[in-house]
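Architecture and fold: a report
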Amino acid sequence: MSLTDKAIRRIRELIASGELPPGAKLPPEQQLAAELGLSRGLMREAVKALVVTRVLEIRRGDGTYVTTLEPGVLLEGLGSAVELLQGDTLLELTEVRRLFEPVATGLAATRISADQLAGVAGHLDAMHAARDDVELLNKHDAAFHRAVVAATGNRTLASLLEGISGRTVRARVWRGMVDGDVADRTLAQHREIYDALAAGDAALAEAAALIHVSTTEAWLRRHLAPAADVASQPEAGM
């Protein structure tokens, strides 16, 4: 473990112990460095690293503060990291979504309010209206799933699924451009999810979401392999 990592760990320990609770202002750099037995240079590097991970935030002219430490804040960087993943990890992300999203949808069926259900219905109507616009359809598709997961009331689960959705949304755009009848299948599957939510049927909602995500995963498995084979071929001469 590097000295910077040790410095990061020391600050995280102060936060975890409650000495620096969410929203707390850190002591001046020199004072905190002395209290932790660190050099100012190491302290500065540790603070920079924790700012990047959204544990700390620097308020210009005011000082450095602990963030709210809410899931949406701490997991915000997940989406950016996911975007850098390559190759087969796209399938791995879809597998992760298949593990989490159906269970989340089933849970939502037991907790969704009338207002939240109306919101989901609104996104479904918007998807119907955008059926001929692949990019707009996928925008509303993502909003539909976001609203469903939000209905669970589990902010950590919502943040995790939001973090992995960017890549899978783009995969659905790709799918829409290649597969001409995707809109009809996508709309039908979302209708089944909505109907299960409206009925408050957790098992049916989970099953409908599983079929939807599995359909996407199956399509990716069929299409990624040929694409990888083409990419591995040597380029033809001019």
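The preceding data block contains the structure.
Computed from a prediction, not measured in an experiment: that's the story for all the values here.

Considerations on unusual backbone geometry
Although it is not a glycine, Arg-54 sits at a positive phi angle of roughly 65 degrees. Locating Arg-54 in the fold gives a position in the loop between α3 (40-52) and β1 (56-59). Accessibility expressed as a relative area gives 30% for Arg-54, which makes it partly exposed. Despite not being glycine, Leu-69 has its phi angle at roughly 60 degrees, a positive value. Looking at where Leu-69 falls in the secondary structure, it is placed in the loop between β2 (63-66) and α4 (71-74).

Observations regarding the environment of Ala-158
Checked against the element boundaries, Ala-158 lands in helix α9 (residues 155-178). Along the backbone, Ala-158 and Phe-100 are 58 residues apart, and their C-alpha atoms lie at a distance of 10.0 Å.

Section: a nonpolar patch on the surface
Residues Val-96, Leu-99, Phe-100 and Leu-160 make up a contiguous nonpolar surface patch of about 320 Å² in total accessible area. For the nonpolar patch, the element with the most residues is helix α6 (residues 89-111), which contributes three residues. Val-96 gets classed as partly exposed once you look at its relative accessible area, which sits at 30%.

Some thoughts on the packing of helix α8 (residues 134-150) against helix α10 (residues 182-199)
Here α8 crosses α10 at 20 degrees, and the two axes come no closer than 12 Å. What the angle tells us is that α8 and α10 run roughly parallel. For the pair α8 and α10, the sense of crossing is left-handed. On α10, the residues touching Leu-137, Asp-141, Phe-144, His-145 and Val-148 of α8 are Ala-183, Thr-186, Leu-187, His-190, Ile-193, Tyr-194 and Leu-197.

So, how was this worked out
Residues numbered from 1 in each chain as written. Predicted model: local features only at pLDDT ≥ 70, side-chain atom pairs only at ≥ 80, totals over all residues. Heavy atoms only, no water. Helix = DSSP H or I, 4+ residues; strand = E, 2+ residues; numbered from the N terminus. Buried < 20%, exposed > 50% of the residue type's maximum accessible area, 1.4 Å probe, protein only. Patch = residues over 30% accessible without salt bridge, like charges linked within 9 Å, V, L, I, M, F, W, Y side chains within 5 Å. Areas by Shrake-Rupley, 256 points an atom, 1.4 Å probe, with all protein chains shown as cover. Salt bridge = Lys/Arg side-chain N within 4 Å of Asp/Glu carboxyl O. Axes fitted to C-alpha atoms, helices over the stretch in contact; angles between N-to-C directions. Parallel < 35°, antiparallel > 145°, perpendicular 65-115°, else oblique. Left-handed = near helix turned anticlockwise from the far one by under 90°. Contact = heavy atoms within 4.5 Å.

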